[in-house]
Amino acid sequence: MKIAVLREAAAGESRVSATPETVKKFIALGAELGVERGAGEGASIADGDYEAAGAKVGDRTATLENADIIFGVQGPDPEALAGAKPGAWIVAGLNPFGAGSDGRARVDAYAAKGFEALAMEFMPRITRAQSMDILSSQSNLAGYKAVLLAAAEYGRAFPMMMTAAGTVSAARAFIMGVGVAGLQAIATARRLGAQVSATDVRSATKEQIQSLGAKPIFVESVAGIEGEGSGGYATEMSEEYQKAQAELVSSHIAKQDIVITTALIPGRPAPRLISDAQIASMRAGSVIVDLAAESGGNVEGAVSGETVVKHGVKIIGAKNMAGTLAADASALFSRNLYNFLSAFWDKDANKPILDEEIGTAVRLTQGGKVVNQRLLG
Ligand code: NAD
């Protein structure tokens, strides 16, 4: 059983899908590891560190030769897999729904080439899969970094400061979407000394917001709403709810200095939460970070990978935030992959054999076809 760890080819991707720590662990399970030269460079891991852990470092062709499993942070370009065995597993974040991404076309190409593609972002939200969930591990870092970015771009301080020259008032930060990224954003903004408020469509988050010392801002005027759908994810809200939410946000946002938006709905474009008129109501110098910019954006006018200024407000369209913390993001991502495959490792067969529940959820292609219901349905 050979696992190939590829150097990421996507522009700006500095993470890597295995670290010397997980290389050692996979070797202890009975696997052989091939690592493409320079794969760890962006995450400050030298080729020699992989060799010391027991991997063979070589060029792409040598790394792919006879590999049974091919790792990636993002899905490798199908054209760059020449020489890989048909039937090999591709284990990576494959982003088949990404707005404007070629993720879906890649999945079709993997099927045509006979690879079995496993999308790690399709890991089900069940207790035993928590340690395998790349969305959680990467979102957590993204939520933290979004606040740091906002603080760096904000021309004022976050905490209240009483100085001999006068008092600096605390920044007011509003977090929209309180999943994994939002919770970390609340905690980080609080640590920096901001006054924090937050909102979500899932009522369970109210208590979580309070437990972190922030103020919940919730639509109370629409009776019987609950935004929690299957697997703990949000659902798309009714028009009535969206209108009430927009009114609530309008009255609140004008008093905010920092806004971090993180709202996502799986398989759908990100919900639009902030309009241009609402941005215009904010004080000049305020900062908005749109963590959903890559999925269509929560903020009108946000551009993924760019900072634009509208009405004096900086709007940062976040792109691959976790990748800006490449060393930690890679360590957690790699452990997610190890936790996933080791949980199913069959000692006699010396390979992972997935069970029905998780296998069906993550498998996108098999036997030359796209087989995942989320892509077919
Ligand atoms: P996500 O990234 O899908 O979405 C981010 C947040 O945006 C969510 O809290 C969502 O409710 C919110 N949102 C969506 N539409 C909105 C709107 N119109 N207005 C305001 N907010 C909106 O979410 P996530 O970070 O993946 O977390 C979702 C839930 O799943 C959380 O409760 C999390 O703890 C849970 N979770 C469970 C597991 C597990 O059990 N394995 C793993 C990860 C997350």
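Analysis parameters
- Residues numbered from 1 in each chain as written.
- Predicted model: local features only at pLDDT ≥ 70, side-chain atom pairs only at ≥ 80, totals over all residues.
- Helix = DSSP H or I, 4+ residues; strand = E, 2+ residues; numbered from the N terminus.
- Buried ≥ 20, exposed ≤ 12 C-beta atoms within 10 Å, placed from the backbone.
- Pairing = 2+ DSSP bridges.
- Right-handed = clockwise from strand over helix to strand, strands pointing away.
- Core = buried A, V, L, I, M, F, W, Y, C linked by C-beta atoms within 7 Å.
- Contact = placed C-beta atoms within 7 Å.
- Axes fitted to C-alpha atoms, helices over the stretch in contact; angles between N-to-C directions.
- pLDDT = per-residue confidence, 0-100.
- Expected span 1.5 Å × (residues − 1).
- Parallel < 35°, antiparallel > 145°, perpendicular 65-115°, else oblique.
- Left-handed = near helix turned anticlockwise from the far one by under 90°.
- Nonpolar A, V, L, I, M, F, W, Y, C, P; charged D, E, K, R; others polar.

A. Region of interest: the overall build of the chain. Helices and strands together make up the secondary structure of the chain, namely twelve helices and 19 strands. Viewed in the frame of its principal axes, the chain has a C-alpha envelope of about 65 × 50 × 35 Å. A total of 377 residues make up the chain; the buried ones form 46% of that total.

B. Summary view of the pairing of strand S6 (residues 116-119). In S6, alternate side chains face the same way, and those of Glu116 and Leu118 on one face and Ala117 and Ala119 on the other are all buried. Strand direction decides the pairing type here: strand S5 (residues 89-93) and S6, joined by four bridges, are parallel. Bridge pairing links Ala92 to Ala119 in S6.

C. Layout of the pairing of strand S10 (residues 195-199). Most of S10 sits out of view: five of its five residues are buried. Of the two faces of S10, the one carrying Gln195, Ser197 and Thr199 and the one carrying Val196 and Ala198 are both buried. Regarding the hand of the β-α-β motif, the stretch spanning strand S9 (residues 172-176), helix H6 (residues 180-191) and S10 is right-handed. Sheet topology places S10 next to strand S11 (residues 215-216); two bridges connect them, and they run parallel. Considered in S11, the bridge of Ser197 is made with Lys215. For the crossover that starts at S10, traverses helix H7 (residues 205-211) and ends in the parallel S11, the hand is right-handed.

D. View of the environment of Arg128. Position of Arg128 among the secondary structure elements: in the loop between S6 and helix H5 (134-153). Taking the C-alpha atoms as reference points, Arg128 and Ile69, 59 residues apart in sequence, are found 22 Å from one another.

E. The arrangement of the nonpolar core in detail. In terms of nonpolar packing, the biggest core is built from 109 residues, with Val5, Ile70, Phe71, Ile90, Ala146, Ile175 and Ile260 touching the most fellow members. It is H5 that contributes the most residues to this core, nine residues altogether. Among residues more than four places away in sequence, those in contact with Ala146 are Ala185, Ile260, Val289, Leu291, Ala318 and Met321.

F. Inspection of the sheet that holds strand S15 (residues 313-317) at higher detail. Taken in spatial order, the seven strands make up an open sheet running S11-S10-S9-S12-S13-S15-S14, and their pairing is mixed. Each edge of the sheet is formed by a strand with only one pairing partner; in this case those strands are S11 and strand S14 (307-310). As paired elements, S9 and S10 share five bridges and run parallel to each other. Opposite Met176, over in S10, you have Thr199 as the bridge partner. Of the strands in this sheet, strand S12 (258-261), strand S13 (287-290) and S15 touch H5, which is tilted by about 155° from S13. Sitting on the sheet, H6 touches S9, S10 and S12, and the angle it makes with S10 is about 165°.

G. Structural detail: the confidence of the model for the chain. Averaged over all residues, the pLDDT of the chain is 94; the fraction at 70 or higher stands at 95%. This prediction of the complex comes with two scores: 0.93 for pTM and 0.95 for ipTM.

H. Spatial organisation of helix H10 (residues 326-343). In this model H10 runs 25 Å from its N-terminal to its C-terminal C-alpha over 18 residues, within 8% of the 26 Å that 1.5 Å per residue would give. Of all the positions in H10, only Ala326, Ala329, Ser330, Leu332, Phe333, Ser334, Asn336, Leu337, Tyr338, Phe340 and Leu341 are classed as buried.

I. Structural detail: the sheet that holds S6. One open sheet holds the six strands; their spatial order is S3-S2-S1-S4-S5-S6, and the pairing between them is parallel. Pairing within the sheet leaves two strands with one partner each, and these edge strands are strand S3 (56-58) and S6. Adjacent strand axes in the sheet meet at a mean angle of 20° when their direction is disregarded. Pairing of strand S1 (residues 2-5) with strand S4 (residues 69-74), which is carried by three bridges, proceeds in the parallel orientation. Directly across from Ile3, in S4, lies its bridge partner Ile69.

J. Summary view of the packing of H5 against H10. Interhelical geometry of H5 versus H10 gives an angle of 165° and a closest axis separation of 9 Å. On the basis of the axis angle, H5 is roughly antiparallel to H10. Handedness of the crossing formed by H5 with H10: right-handed. Contacts from Ile134, Ser137, Gln138 and Leu141 of H5 reach H10 at Asp328, Ala329, Leu332, Phe333 and Asn336. Residue classes in the contact of H5 with H10 are distributed as five nonpolar, three polar and one charged.

K. Highlighting the environment of Ser44. Tracing the sequence through the fold places Ser44 in the loop between strand S2 (32-36) and helix H2 (47-53). For Ser44, a count of 12 C-beta atoms within 10 Å puts it in the exposed group.

L. Main features of the environment of Ala80. With respect to the secondary-structure elements, Ala80 resides in the loop between S4 and S5. Residue Ala80 is classed as partly exposed on the basis of its C-beta count, with 13 C-beta atoms lying within 10 Å. Remark: the alpha-carbon pair of Ala80 and Leu64, spanning 16 residues in sequence, is separated by 9.9 Å. In this structure Ala80 touches Ala9 and Arg60, once residues within four positions along its chain are discounted.

M. How the structure looks around the packing of helix H1 (residues 20-29) against H10. Two elements in contact, H1 and H10, have axes whose closest approach is 10 Å; the angle formed by their N-to-C orientations is 15°. Here H10 runs roughly parallel to H1, going by the angle between their axes. Handedness of the crossing formed by H1 with H10: left-handed. Only Ser334, Arg335, Leu337, Tyr338 and Ser342 of H10 make contact with H1, whose side of the interface consists of Thr22, Lys25, Phe26 and Leu29. Considering only residue class, the contact of H1 with H10 consists of four nonpolar, three polar and two charged.

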